[in-house]
Amino acid sequence: MDSFIKKAGLGDILEKVQDGGRLSIEDGIRLFQSPDLLAVGYLANIVRERQNSNYAYFIYNQHINYSNICTNLCKFCAFGKDKDSDQAYEMRVNEVRAKVRERLSEPISEIHMVGGIHPDLPYTYYTDLLKVIKEERPDVHIQAFTCVEIAHLAEISGLGTAGVLEDLKKAGLGSIPGGGAEVFSPRIRELTCEKKLSGQGWLKVAKTAHKLGLHTNATMLYGHIETLEERLEHLNMLRQAQDETGGFLAFIPLAFHPKNTELSKLSRTSGIDDLKNIAVARCFLDNFPHIKAYWVMIGQKLSQIALSFGADDVDGTVKEEIITHMAGAETEQAMSRDQLLRLIKEAGRTPVERDTLYNVINSY
Ligand code: V47
């Protein structure tokens, strides 16, 4: 096996991976540039196996997008709408309550809730959302509000980042999802999402959350106008932040979907790039416990294959995914537990139903 990696010109990276050494930015770029996908996947699989043995995780979760009204209007996003758009929506708190009630008979352990940066909803709206969810489902873990939303709430509440996180925690917030990271590079942000919180700002919110005992995830939106160097810089900043706090649970590469966005002339990502993003992230982010292959974005079939390319998690049942579907995703909007079990078992992994913090709910 090792000779096949050496033949691919990746012998030195294999040694680092086997010895638990740290990859450089240049190593990461070489992996992306390697024409030998199987060699890159083999390396990622070594790291995955060391970190997560043969387990592959999924969660029984529900997504709620409380509003798509957004002042940022990023060029890569088809979900966010101006307040005056006829496609704009905003759920009342009781509508969110009803969404939770609708599915009380299902064994949902996590509610994943994000929205846009709304120009005028008051801060109490957000704490009320958390409270009504907890009233309906006291045991559910609420993973809500990206670091970008948290920065907005810190501003409108006047509480500051740490203050607002403490307050949201009291109202029922359990952890923070990984969205809004996009690509940290100021060049990319300037060109695609100039109004959005900066990369440094995003990292500051995540690190503050970690210091208060709140776990967060991290994402990278790839496959638009970013360079390989910018991808690796992004991963490097995440790895440094994780060295400082240890608070990230999972990294999720997000495949750009161009339809209905201002970047609609770009093509969709290829299967090779999707797998490479997972594999390179697995090799490079040696201090991240989990790499998620989000089936909504890369499809059920590719997320199954990703379990041999560094991923150890496929997200979950999801239900009612809107953000990617507005941008042309052709995947289903939900998967059942049985479908997830089959997907994982057929990939040769042992399925584990987890909660948000990766505690085991059921193993199979
Ligand atoms: O923040 C926006 C991205 C994110 C597009 O933390 C797009 O476990 C692709 O972050 N094509 C939302 N991506 C989704 C997200 C997420 C999903 C599942 C699990 C977790 C987690 C996080 O989607 C946004 C943005 O970065 N996005 N537009 C698009 N056209």
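Just above, that's the structure.
I will try to describe carefully the structure that is included in this document. Since the structure is predicted, the reported quantities are computational estimates derived from the model, not experimental observations.

## Considerations on helix 10 (residues 199-211)
Here is step 1: With 13 residues, helix 10 extends 18 Å from end C-alpha to end C-alpha; this agrees with the ideal 18 Å at 1.5 Å per step.
Here is step 2: The complete set of buried residues in helix 10 reads G199, G201, W202, L203, V205, A206, T208, A209 and H210.
Here is step 3: Backbone geometry just after helix 10 places G213 at a positive phi near 90°.

## Things to note about the pairing of strand 10 (residues 350-354)
Here is step 1: With four of its five residues buried, strand 10 lies for the most part within the structure.
Here is step 2: Where strand 1 (residues 55-59) and strand 10 come together, four bridges link them in parallel fashion. Bridge assignment links A56 to a residue of strand 10, and that residue is P351.
Here is step 3: Between strand 10 and the antiparallel strand that follows it, strand 11 (residues 360-363), lie five residues; Y358 among them carries a positive phi value of about 70°.

## Description of the pattern of salt bridges
Here is step 1: According to the stated counting rule, one finds 22 salt bridges in the structure shown.
Here is step 2: The partner of R187 in a salt bridge is E230, with the nearest N and O atoms 2.6 Å apart. Of this pair, R187 sits in helix 9 (residues 186-192) while E230 sits in helix 11 (residues 228-245), and the two are 43 residues apart along the sequence.
Here is step 3: A residue is classified by how much of its surface remains accessible, and R187, at 39% relative accessible area, is partly exposed.
Here is step 4: Judged by relative accessible area, which is 11%, E230 ranks as buried.
Here is step 5: A salt bridge links R231 to E226; the shortest N-O distance between them is 2.9 Å. Across the pair, exposure class does not vary: R231 and E226 are buried alike.

## Describing unusual backbone geometry
Here is step 1: Of note in this structure, F145 is not a glycine but carries a positive phi near 65°.
Here is step 2: With respect to the helices and strands, the residue F145 is situated in the loop between strand 4 (141-144) and helix 7 (147-157).
Here is step 3: Judged by relative accessible area, which is 0%, F145 ranks as buried.
Here is step 4: For E320, which is not a glycine, the phi torsion comes out positive at approximately 65°.
Here is step 5: Within the secondary structure layout, E320 lies in the loop between strand 9 (313-316) and helix 15 (323-326).
Here is step 6: Look at E320 and you get partly exposed, because its relative accessible area is 35%.

Rules behind the numbers
- Residues numbered from 1 in each chain as written.
- Predicted model: local features only at pLDDT ≥ 70, side-chain atom pairs only at ≥ 80, totals over all residues.
- Heavy atoms only, no water.
- Helix = DSSP H or I, 4+ residues; strand = E, 2+ residues; numbered from the N terminus.
- Expected span 1.5 Å × (residues − 1).
- Buried < 20%, exposed > 50% of the residue type's maximum accessible area, 1.4 Å probe, protein only.
- Pairing = 2+ DSSP bridges.
- Salt bridge = Lys/Arg side-chain N within 4 Å of Asp/Glu carboxyl O.

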